Amino acid sequence: MSEPNSPLKPAELAVLRAQYEKEGDMVGVQTKFNFAWGLVKSSQRADQQLGVRLLSEIFRTSPERRRECLYYLALGNYRLGNYGEARRYNDLLLDREPGNLQAADLRRLVDDKVAKEGLMGVAIISGIAVAAGAVGAVLLKNMGRKR
């Protein structure tokens, strides 16, 4: 599965941005969705954040487009490291479409990332605890010598 990590080329995103800006205040939902899709697939964090914001607007204001938005809201949040939000949107999609292979693959990626970062967090906390214990032991040992 390549989609979650395959960025859109800058020239492709520029075409979508130009169409979005050309429509201005009268931007259509499809143009807005296309631009948001491209932003989510960008390698730039600010673009990804804007893409998620635009998709959230479409999700709120266009009920008929919610299903389409769910996967890309999940993907955008995944790429931003917001794994709880990614899982929430992806689970909503999987509830509606249990056989959606793209969403199932994204679910595995999110779960793997959460597990990996959770283990890293445990390792970091354990390392801090060991270091604090070692520093504490040295301090206690030095305090004992001063008496």
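Look up a bit, the structure's there.
Along each chain, residues carry numbers from 1 onward, in the same order as the chain's sequence is written. Under the rules for a predicted model, residues below a pLDDT of 70 receive no local features and side-chain atom pairs below 80 are neither given nor counted, while totals for whole chains, interfaces and linings still include all residues. Where side-chain values are given, they derive from all heavy atoms of the structure, hydrogens and water being excluded.

> Whenever I open this one, the side chain of Arg 79 confuses me. Can you help?
By definition, any uninterrupted DSSP run of H or I lasting at least four residues is a helix, any uninterrupted run of E lasting at least two residues is a strand, and each is numbered from the N terminus. Within the secondary structure, Arg 79 is located in helix α4 (residues 66-80). Polar contact is defined as a pair of N or O atoms within 3.5 Å, subject to the rule that within protein one atom must be able to donate a hydrogen and the other to accept it, and that residues adjacent in sequence are counted only when both atoms are side-chain atoms. Within the structure, Arg 79 has its side chain in polar contact with the backbone oxygen of Lys 41 (distance 3.1 Å).

> Explain the pattern of salt bridges here, please?
Pairing between side chains of opposite charge can happen when the charged atoms of each approach one another. A pair is scored as a salt bridge if a Lys or Arg side-chain nitrogen falls within 4 Å of a carboxyl oxygen belonging to Asp or Glu. Within the structure shown, the criterion is met by 10 salt bridges. One salt bridge in this structure joins Arg 65 and Glu 68, with 2.4 Å as the shortest N-O distance. Residue burial is assigned from relative accessible area. The probe radius is 1.4 Å, only protein chains are included, and a residue is buried under 20% of its type maximum, exposed over 50%, and partly exposed in between. Looking at Arg 65, the relative accessible area reads 11%, which means it is buried. For Arg 67, the salt bridge is made with Glu 97, and the minimal N-O distance between the two is 3.1 Å. Here the residue Arg 67 occupies a position in helix α4, and Glu 97 occupies one in the loop between α5 (83-96) and α6 (101-146), the gap between them amounting to 30 residues. On the basis of relative accessibility, which here comes to 38%, the residue Arg 67 falls in the partly exposed class. What you see here is one network of salt bridges that share partners, running through Arg 87, Asp 91, Arg 107 and Asp 111.

> Just checking my understanding: could you explain the nonpolar core for this structure?
In a soluble, globular protein the nonpolar side chains are often hidden away together inside. What we call a nonpolar core is a set of buried Ala, Val, Leu, Ile, Met, Phe, Trp, Tyr and Cys residues that are connected through their side-chain atoms within 4.5 Å. Core analysis: the largest hydrophobic core is formed by 30 residues, its most contacted members being Leu 55, Cys 69, Leu 73 and Leu 106. Top element by residues in this core is α4. It accounts for 9 residues. Only heavy atoms enter the contact rule, under which two residues are in contact if any of them lie within 4.5 Å. Contacts of Leu 55, omitting those with residues within four sequence positions, involve Phe 33, Ala 36, Val 40, Cys 69, Tyr 72 and Leu 73.

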